[in-house]
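Notes for the structure review
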Amino acid sequence: MTDLGTDLPTARRLLETGAVVGIPTETVYGLAGNALNIDAVLRIFEVKNRPTFDPLIVHIDSAEKLGRYASEVPPAARRLAERFWPGPLTLLLPKRPIIPDLVTSGLDTVALRVPRHPLTLALLRSLDFPLAAPSANPFGYISPTTARHVADQLGDRIPYVLDGGPCGVGVESTIVGFPGGTPTVFRLGGVPLEAIEAAIGPVVVRTHSNSNPAAPGMLLSHYAPRKPLALYPAGGTPGAVGPDDGVLAFRAFRPEVPPERQRVLAPSGDPTEAARNLFAFLRELDARPDLIRLHAELLPETGLGRAVNDRLRRAAAK
Ligand code: TXA
Ligand code: MG
């Protein structure tokens, strides 16, 4: 069984030997390994049961390291890095040869990000290599937002989880690339679209992926609970709710369903709070033995509501 703790030297020593370790970030927990070590990277894919055609994000401790791993940084990328790093933003940039092809699934771009978590930033600073880290969930399942979530699912396969408490943002980073020079959002995430556009002007949004994540991007069915999940419109009512159904509501309990079968994402109505609770609540309802089907309310399509809806739609797309 894995150890949970806050001991940086332990995490560092393991990573230096090529092991993979759970690490906290502000978005979700990552499954980290030395991005420059093929065996460590292979181990990440193996532990997560992830197909090697789905590339990994490389975590660095500062924007100053961009030039080590990216051969070209367009001005808009530079501006986004200055504005949002450390933070929930990932940039797709042309890669330098030092990044193994395995990390990028053979693509000529590398995904780079500086996470905003004190423990992981300190860890990165203590290492002389960057960390490749996908979310620390088995491939296709709900992403982990606590160290316990990681240990529950991958605990028998990894030696250590660095416990940085619950994730403050709760949805993965926003991914921005620059194909043909056009700023393009490939994944809606922790930095709202409005904030990206406020920084660099209008962007193209291309998050509706097919089955080819190398296109690049995301598989449609993802972040999925094991139970069937149906969605209902923001402020609307769920379809027929059976006696064994659970409800994940946005800001208020559904009056027609007993409260003990419900979770409310954000009583405040703040989509940021909803994002923070999303995966933990979904996981909790999924684990309840008394519930067989789930219903979730979509959020208004603003701010982090977009990222929450994106995750809910993918979770429902089984
Ligand atoms: O918030 C996050 O980004 C978290 C934390 C741990 O940093 N990480 C994360 O990693 O969400 P992962 O592997 O679950 O999702 C990474 C996404 C995948 O959809 C992958 O296809 C895409 O990034 N990606 C990675 N490299 C890419 C590339 N070179 N081109 C296009 N997409 C890429
Ligand atoms: Mg993931």
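See the structure shown above.
To keep things clear, this report deals only with the structure shown in the data block. (Residues numbered from 1 in each chain as written. Chains lettered and ligands numbered in written order. Predicted model: local features only at pLDDT ≥ 70, side-chain atom pairs only at ≥ 80, totals over all residues. Heavy atoms only, no water.)

Things to note about the sheet that holds strand S15 (residues 293-297)
Counted only if it meets this: Between any two strands, at least two bridges found by DSSP are needed for them to pair. Helix and strand assignments come from DSSP, with helices taken as H or I runs of at least 4 residues and strands as E runs of at least 2, each series counted from the N terminus. Axes here refer to lines fitted to C-alpha atoms; in helices the fit is confined to the stretch in contact. Angles between the N-to-C directions go from 0 to 180 degrees. Contacts between residues were defined by any pair of non-hydrogen atoms, one from each residue, lying within 4.5 Å.
Read from one edge to the other, the open sheet built from four strands follows the order S12-S15-S13-S14, with strand pairing classed as parallel. The sheet is open, and its two edges are formed by strand S12 (229-232) and strand S14 (262-264), each paired on a single side. Direction aside, the axes of adjacent strands within the sheet are offset by 15° on average. Against the sheet, helix H8 (residues 271-287) makes contact with strand S13 (245-249), S14 and S15, and its axis sits at roughly 170° relative to S13, the strand it touches most. Along the sheet face, helix H9 (residues 305-316) touches S12 and S15 and points at about 140° away from the line of S12.

Notes on helix H7 (residues 193-200)
Quick reminder of the rule: Buried means the residue's accessible area, taken with a 1.4 Å probe over protein chains only, is under 20% of the maximum for its type, while exposed means over 50%, and partly exposed covers the values in between. This arc corresponds to the set of directions leading from the helix axis out to the C-beta atoms.
Every buried residue of H7 is accounted for by Leu193, Ile196, Ala199 and Ile200. One side of H7 holds all its buried residues, which, seen down the axis, span an arc of 125°. Summarising the contacts, the buried residues of H7 are in contact with helix H4 (75-84), strand S5 (89-94), strand S9 (174-177), strand S10 (184-187), strand S11 (204-205) and H9. Directly beyond the C-terminal end of H7, a positive phi value near 90° is found at Gly201.

A closer look at the pattern of salt bridges
Quick reminder of the rule: Throughout this description, the term salt bridge denotes a Lys or Arg side-chain nitrogen within 4 Å of a carboxyl oxygen of Asp or Glu.
With the rule as written, the count across this model stands at 16 salt bridges. Between Glu194 and Arg306 there is a salt bridge whose closest N-O contact spans 3.1 Å. Residue Glu194 is found in helix H7, and its partner Arg306 is found in helix H9; the two are separated by 112 residues along the sequence. Between Arg293 and Asp245 there is a salt bridge, and its shortest N-O distance comes to 2.8 Å. Within this pair, whereas Arg293 is found in strand S15, its partner Asp245 is found in strand S13, the two being separated by 48 residues in sequence. Judged by relative accessible area, which is 37%, Arg293 ranks as partly exposed. Note on Asp245: relative accessible area 2%, which makes it buried.

A look at the pairing of S13
Most of S13 sits inside the fold, with five of its five residues counted as buried. Across four bridges, the pairing between S13 and S15 is parallel. The residue of S15 that forms the bridge with Gly246 is Leu294. As defined by bridge partners, S13 adjoins S14 across three bridges and the pair is classed as parallel. Note that in S14 the partner of Ala249 across the bridge is Val264.

As for the environment of Phe139
Checked against the element boundaries, Phe139 lands in the loop between strand S7 (131-132) and helix H6 (147-154). As a C-alpha pair, Phe139 and Lys48 span 91 residues in sequence and 5.7 Å in three-dimensional space.

Observations regarding the layout of surface pockets
Defined as follows: Think of a 1 Å grid over just the protein atoms. A cavity is a set of points where a 1.4 Å probe fits yet cannot get out, a pocket is an open set with protein on both sides within 12 Å along at least five of seven lines, and lining residues have an atom within 4 Å of a point. Grid points are joined across faces, edges and corners, and a volume is the space filled by probe spheres set on the points.
Counted as a void, the second largest pocket has a volume near 170 Å³. Around the second largest pocket sit 11 residues that line it, and Thr207, His208, Asp310, Arg313 and Arg314 are the ones nearest its centre.

Description of empty space enclosed by the protein
The test is simple: In this count, Pro and Cys sit with the nonpolar residues alongside Ala, Val, Leu, Ile, Met, Phe, Trp and Tyr, while Asp, Glu, Lys and Arg are called charged and the others, Gly among them, polar.
The full count for this structure, using the stated rule, is one cavity of 30 Å³ or more. Estimates place the volume of the largest cavity at around 50 Å³. Thr174, Val185, Leu188, Gly189, Val191, Pro192, Leu193, Gly303, Leu304, Arg306 and Ala307 are the residues that line the largest cavity. Looking at side-chain class alone, the lining of the largest cavity contains seven nonpolar, three polar and one charged residues.

Quick word on H9
Think of an α-helix as turning once every 3.6 residues; residues three or four places apart then point the same way. Rule in force here: In this analysis, the expected span of each helix is defined as 1.5 Å times one less than the number of residues it contains.
For H9, built from 12 residues, the straight-helix expectation of 16 Å at 1.5 Å per residue is met to within 8% by its first-to-last C-alpha distance of 16 Å. Counting buried positions over the 12 residues of H9 gives nine, a clear majority of the element. Within the span of H9, buried status applies to Gly305, Ala307, Val308, Asn309, Asp310, Arg311, Leu312, Arg314 and Ala315. The elements touched by buried residues of H9 are S10, S12, H8 and S15.

Points about the packing of helix H1 (residues 8-16) against helix H5 (residues 118-126)
We apply this condition: Here the word oblique covers every angle except those under 35 degrees (roughly parallel), over 145 (roughly antiparallel) and from 65 to 115 (roughly perpendicular). Handedness of a crossing is defined here by the sense of rotation of the near helix relative to the far one, left-handed for an anticlockwise turn of less than a right angle and right-handed for a clockwise turn.
It is at 10 Å that the axes of H1 and H5 come closest, and there the two elements cross at 50°. It follows from the interaxial angle that H1 and H5 lie oblique. Considering how the two elements wind past one another, H1 and H5 form a crossing that is right-handed. Between H1, through Leu8, Ala11, Arg12, Leu15 and Glu16, and H5, the contact on the second element is made entirely by Leu119, Ala122, Leu123 and Ser126. Among the residues forming the contact of H1 with H5, the class breakdown is six nonpolar, one polar and two charged.

Here we look at the packing of aromatic side chains
Stated precisely, the cut-off is as follows: We call Phe, Tyr and Trp rings a pair once their centres come within 6.5 Å, taking the six-membered ring for Trp, and we label the pair stacked below 30 degrees between planes, edge-to-face above 60, and tilted otherwise. Here, a charge over a ring is recorded when the distance from Lys NZ or Arg CZ to the ring centre is within 6 Å and its angle to the ring normal is within 35 degrees.
Inspection of every chain in the model, using the stated rule, returns one aromatic pair. Between Tyr223 and Phe279, the ring centres sit 5.8 Å apart and the planes meet at 15°, which makes this aromatic pair stacked. You can see Tyr223 sitting in the loop between S11 and S12 and its partner Phe279 sitting in helix H8, a full 56 residues away along the chain. This pair shows no difference in class: Tyr223 is buried, exactly as Phe279 is. The residue whose ring lies beneath Arg226 is Tyr141, and the NZ or CZ to ring-centre distance is 4.4 Å. Of note, Arg263 hangs over the ring of Phe281, and the distance from its end group to the ring centre comes to 4.0 Å.

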